[in-house]
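# Geometric and topological summary
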Amino acid sequence: MLKIIFTDIDGNDFYAENISSVELSRTAGAACDGIRINYFTERSMSEINRVHVYSGEGLVFNGYCDTQRETVEGQGRRCFVYARSSACLLTDNEAEPVTYNRPTAGSLCIDNAREFGFECEIEDIVCNSDYTVGKGTSRYSAVNDFVCGIIGSDIVITPDNKIMLPDYDSVISIDSKDIESEKILINRVGAVSRIDYKIKNDTSYKYHLKSRYLEQRGINRGVLVNVSSLPKWRQDGTVLNRLKKYSSNYNCIELKVGGFVNANLYSGVKYDSKTVDSTDGYYISEIVYTFDKNGEYTTLTLSKNIDLKEIRYVAE
């Protein structure tokens, strides 16, 4: 069972005791982790500001309370707390609208994240052109859009406030005796086989990016995307990233594992699979830890890296 510590608005720490359920979730591409906690207490709750969660001595969640609810039942109180990870400081604060001349990921982190206590551990990713942060852009997006536009990867923010790139080479091993269930999932409904896009406001959607892989599987679904407001160096990458994200959950495995699994998003997983010949090419796209009346377990969603066999063409 994880150890949960609340900090109220006066800076006082107290443990969550008599816990009835916990759900801690992380999803690839989402800036913030989220946690839901239900517990019982005999005393009224003070107003909660911070939430820290530990597995052993390791910090696995560092966040801020969004919602707390207290219901009086007899002599006690049933309490609920929902919190988001510290990345919410970057999603909830607006970046200054500005045009940078040949910025780096590091300089963007300094401007948008350092004052909130975040450290950048991304190798210097450089843009040899201008990069504009528009009005209404969050501080998270100011950094993430830049990184994703150049290398096609979202950033990751760790519980100890490090801004990093995913470690795609890491692999965790799971003992088969700990696996409670394994499901194979094919999600055709969200997959998009074609994106029609325009790169200038005065042109039609005559540019096309198609996945031959999905087309060969009978998926014929297209969307329109206008990237005319983006600089040229971001246009092709933005459309390709969009196509990949639409198909990111096309082929998945869902593993239910007993206990808490200390895993990272985007890591590979090795285990004795009963559904596929090999787990090579699968990565962790979602982690949900659950503690409730049914026990303690972690659900890992593994998404398969698919060669979309994409082609670009122009047609009126």
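Residues numbered from 1 in each chain as written. Predicted model: local features only at pLDDT ≥ 70, side-chain atom pairs only at ≥ 80, totals over all residues. Heavy atoms only, no water.

## As for the sheet that holds strand β9 (residues 119-120)
- Reading across from one edge, β9-β12-β11 is the order of the three strands in this open sheet, with mixed pairing throughout. Each having just a single partner strand, β9 and β11 (156-157) make up the two edges of the open sheet.
- Inspection of the sheet shows β9 paired to strand β12 (residues 162-164) by two bridges, in the parallel sense. Of the residues in β12, the one forming a bridge with Glu-119 is Lys-162. (Pairing = 2+ DSSP bridges. Helix = DSSP H or I, 4+ residues; strand = E, 2+ residues; numbered from the N terminus.)

## Overview of the nonpolar core
- The biggest cluster of nonpolar side chains holds 25 residues, and the ones touching the most others in it are Phe-146, Val-147 and Ile-163.
- Those elements that place two or more of their residues in this core are α1 (88-91), α2 (105-112), β10 (130-133) and α3 (139-151).
- With five residues, the top contributor of residues to this core is α3.
- With residues up to four places along the chain from it excluded, the contact list for Phe-146 reads Pro-103, Thr-104, Ala-105, Leu-108, Ile-125, Val-126, Cys-127, Tyr-131, Ser-141 and Trp-233.
- Residues Ala-16, Ile-35, Ile-48 and Val-53 belong to the second largest nonpolar core, which totals 21 residues. (Core = buried A, V, L, I, M, F, W, Y, C linked by side-chain atoms within 4.5 Å. Buried < 20%, exposed > 50% of the residue type's maximum accessible area, 1.4 Å probe, protein only. Contact = heavy atoms within 4.5 Å.)

## Observations concerning the pattern of salt bridges
- The final tally for this structure, using the stated rule, is 18 salt bridges.
- Asp-154 is paired through a salt bridge with Lys-245; the nearest N and O atoms lie 3.3 Å apart. With Asp-154 in the loop between α3 and β11 and Lys-245 in helix α5 (residues 232-246), this residue pair connects regions lying 91 residues apart in the sequence.
- Judged by relative accessible area, which is 7%, Asp-154 ranks as buried.
- In this structure Lys-245 comes out as partly exposed when scored by relative accessible area, which is 46%.
- A salt bridge links Glu-215 to Lys-210, with the nearest nitrogen and oxygen atoms 3.2 Å apart.
- The exposure class assigned to Lys-210 is buried, which follows from its relative accessible area of 18%.
- What emerges from the salt-bridge pattern is a single network uniting Asp-66, Arg-84 and Asp-92. (Salt bridge = Lys/Arg side-chain N within 4 Å of Asp/Glu carboxyl O.)

## A short note on the packing of aromatic side chains
- This structure, assessed with the given rule, holds ten aromatic pairs.
- Pairing Phe-146 with Trp-233 gives two aromatic rings, centres 6.3 Å apart and planes at 75°, and the pair type is edge-to-face. In this pair, Phe-146 sits in helix α3 while Trp-233 sits in helix α5, placing the two residues 87 residues apart along the sequence.
- Since its relative accessible area comes to 0%, Phe-146 is described here as buried.
- Ring geometry for Phe-260 versus Tyr-289: centroids 5.4 Å apart, planes at 80°, classification edge-to-face. Linking Phe-260 in the loop between β18 (251-258) and β19 (268-270) with Tyr-289 in strand β20 (residues 282-292), this pair joins segments that are 29 residues apart in sequence.
- Put simply, the rings of Phe-6, Phe-14 and Tyr-39 pair up and form one aromatic cluster.
- Between Arg-217 and the ring centre of Tyr-213, over which it is positioned, the NZ or CZ distance is 3.7 Å. (Phe/Tyr/Trp six-rings, centres within 6.5 Å; stacked < 30°, edge-to-face > 60°. Lys NZ or Arg CZ within 6 Å of the ring centre and 35° of its normal.)

## Overview of the sheet that holds strand β17 (residues 222-226)
- Strand order in the open sheet made by the four strands is β17-β15-β16-β22, with mixed pairing throughout. Across the chains shown, the open sheet's two edge strands, defined by having one partner strand only, are β17 and β22 (310-314). The sheet shows a mean angle of 20° between the axes of neighbouring strands, taken without regard to direction.
- Relative to β17, strand β15 (residues 194-198) is paired through five bridges, and the arrangement is parallel. By the bridge assignment, Ile-195 is partnered in β17 with Val-223.
- Where α5 meets the sheet, its contacts fall on β15, β16 (207-211), β17 and β22, and the angle it forms with β15 comes to roughly 155°. (Axes fitted to C-alpha atoms, helices over the stretch in contact; angles between N-to-C directions.)

## A look at the confidence of the model for the chain
- The predicted model of the chain averages 94 in pLDDT, with 100% of residues at 70 or higher.
- Considering each helix and strand of the chain separately, the mean pLDDT is smallest for strand β2 (residues 13-15), with a value of 91, and largest for α1, with 98. (pLDDT = per-residue confidence, 0-100.)

## Describing the environment of Asn-241
- Position of Asn-241 relative to the elements: it lies in helix α5.
- On the basis of relative accessibility, which here comes to 12%, the residue Asn-241 falls in the buried class.
- Taking the C-alpha atoms as reference points, Asn-241 and Tyr-82, 159 residues apart in sequence, are found 31 Å from one another.
- Not counting chain neighbours up to four residues away, the residues in contact with Asn-241 comprise Cys-148 and Gly-152.

## A look at the environment of Ala-263
- Note on placement: Ala-263 falls in the loop between β18 and β19.
- With a relative accessible area of 0%, Ala-263 lands in the buried category.
- Sequence separation of Ala-263 and Ser-278 is 15 residues, and the distance between their C-alpha atoms is 19 Å.
- Apart from the residues lying within four places of it in its own chain, the contact partners of Ala-263 are Arg-26, Ile-172, Ile-284 and Ile-287.

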